[in-house]
There are 2 protein chains.
Amino acid sequence: MDLKKLIRDVPNFPIEGIIFKDITTLLKDKDGFSDTLNKLYNISINKEITKVVGIESRGFIFGGALAEKLNAGFVPIRKPGKLPAKTLKEEYTLEYGTDSIEIHKDAIDENDVVLLHDDLLATGGTMAAACKLIEKMGARIAQISFIIELDFLKGRDLLKDYEVESLIHYNNE
Amino acid sequence: MDLKKLIRDVPNFPIEGIIFKDITTLLKDKDGFSDTLNKLYNISINKEITKVVGIESRGFIFGGALAEKLNAGFVPIRKPGKLPAKTLKEEYTLEYGTDSIEIHKDAIDENDVVLLHDDLLATGGTMAAACKLIEKMGARIAQISFIIELDFLKGRDLLKDYEVESLIHYNNE
């Protein structure tokens, strides 16, 4: 199944000049959803994953489903102030200013083998910050998976210490 | 499996005096995750669901997994400004002020049979607004499911036109 055909281009979102890759047209297609999940599952099936970590909020959509299929637990990484118990926080740089993400301190331990998942790899700043959080907790990052990778933004360079897998690649803007 | 044992009480979150029901301790437990998903699946298995609609963002975690198990598509309802294409919007009242949610206009049609899912039923304002969005699109709401229902807040009263199912009930604060 050619998943790329189910991705919609939305021009000028979120700002003028950006062509947004919209996965909602893939999500609403039951065969597209199922095929995407199976492909993500197949690339992680032999990694002995104990925790799937999904990045808020589109990373939750397949992250939860992957956790169940891989017989692992699910751990959310969220925007600041959303997680109720004690958290670890990591800041990262955006084009203008900074942002940050949090994880519960007791969500992961040093015996965990982690799959990190998000829908899209752009510049890689968020995922690199997520990796730092997992490393601080002493767990092993076995793999990072995305549905879409925007190759021309070279986000993979920020994640070069890890195995990175993406189902769909775009080579130019 | 007694799922209630996996839910954590966090006092004074998000504000003083509230005891927050934290599901992250359930999510990170692989058996808890799997058992929750199977219970949610079993209550919707014979409803001929064509679209699972998850409410941002905790409703995405099991919403995606339910879509795949029910052989349905997945549709996100999100906070304003997050969905890139044309949307329908619905406002709802909070204790102080209003909030709103959006859905893509082309996400659902009048032939769809919809399961709405979120993690927690409190006062029901968000889910009632979500139901209005689905009704506007002409689809049939077959069921609404939650992991947790705070019975003492009587959110079910706002959803009395629909079949509402919750896995875990709390009868007092």
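Just so we're clear, the structure is a prediction, and the values are computed from it rather than from any experiment. (Residues numbered from 1 in each chain as written. Chains lettered and ligands numbered in written order. Predicted model: local features only at pLDDT ≥ 70, side-chain atom pairs only at ≥ 80, totals over all residues. Heavy atoms only, no water.)

The next point concerns the overall build of chain A. Helix and strand content of chain A: four helices and nine strands. Ordered by position in the sequence, the α and β elements of chain A form the string β-β-α-α-β-α-β-β-β-β-α-β-β. In summary, chain A has a C-alpha radius of gyration of 16 Å against a globular reference of 16 Å for 173 residues, a match within 12%. By the burial criterion, 54% of the 173 residues in chain A qualify as buried. (Helix = DSSP H or I, 4+ residues; strand = E, 2+ residues; numbered from the N terminus. Rg over C-alpha atoms; globule rule 2.2 N^0.38 Å. Buried < 20%, exposed > 50% of the residue type's maximum accessible area, 1.4 Å probe, protein only.)

All names here are of chain A. Most of helix α3 (residues 59-69) is tucked away, with nine of its 11 residues classed as buried. The complete set of buried residues in α3 reads G59, F60, I61, F62, G63, G64, A65, L66 and A67. A positive backbone phi angle near 60 degrees is found at N71, which sits one or two residues after α3.

Turning to the pattern of salt bridges, a few remarks are in order. Within the structure shown, the criterion is met by 26 salt bridges over all chains. The closest approach of N and O atoms between E68 of chain B and K69 of chain A, which form a salt bridge, is 3.6 Å. One end of the pair, E68 of chain B, is in helix α3 (residues 59-69); the other, K69 of chain A, is in helix α3, on a second chain. Exposure remark for K69 of chain A: the relative accessible area of 24% places this residue in the partly exposed category. E149 of chain B serves as the salt-bridge partner of R156 of chain B, at 2.8 Å between the closest nitrogen and oxygen. Put simply, R8 and D22 of chain A together with D106 of chain B are held in one network by salt bridges that share partners. (Salt bridge = Lys/Arg side-chain N within 4 Å of Asp/Glu carboxyl O.)

Turning our eyes to something else, we now look at the interface of chain A and chain B. Interface size is commonly expressed as the accessible area that is lost once the parts come together. Across the contact, 38 residues belong to chain A and 39 residues belong to chain B. Between chain A and chain B, roughly 3100 Å² of surface is buried when both sides are summed, and carbon and sulfur atoms account for 57% of that area. Its largest share of buried area at the contact with chain B, chain A owes to K28, E68 and P84 of chain A, together 20% of the area lost on that side. One can count four salt bridges joining chain A with chain B. Listed by contribution, the elements that provide at least two residues to the side of chain A that touches chain B are β1 (8-11), β2 (19-22), α1 (24-27), α2 (30-44), α3 and β4 (73-77) of chain A. Of all the elements, α3 of chain A adds the most residues to the side of chain A that touches chain B, at six residues. (Contact = heavy atoms within 4.5 Å. Buried area = accessible area lost by both parts, 1.4 Å probe.)

Least-squares fitting of chain A to chain B yields an RMSD of 0.0 Å, with the transformation described by 0.0 Å of translation along the axis and a rotation of 180 degrees. Expressed as an axis order, the relation between the two copies is that of a two-fold axis. When each C-alpha of chain A is compared by its distance to the rotation axis, A65 of chain A comes out closest, at 2.1 Å. (Least-squares fit on C-alpha atoms with pLDDT ≥ 70 in both.)

This is a description of form; function is not addressed.
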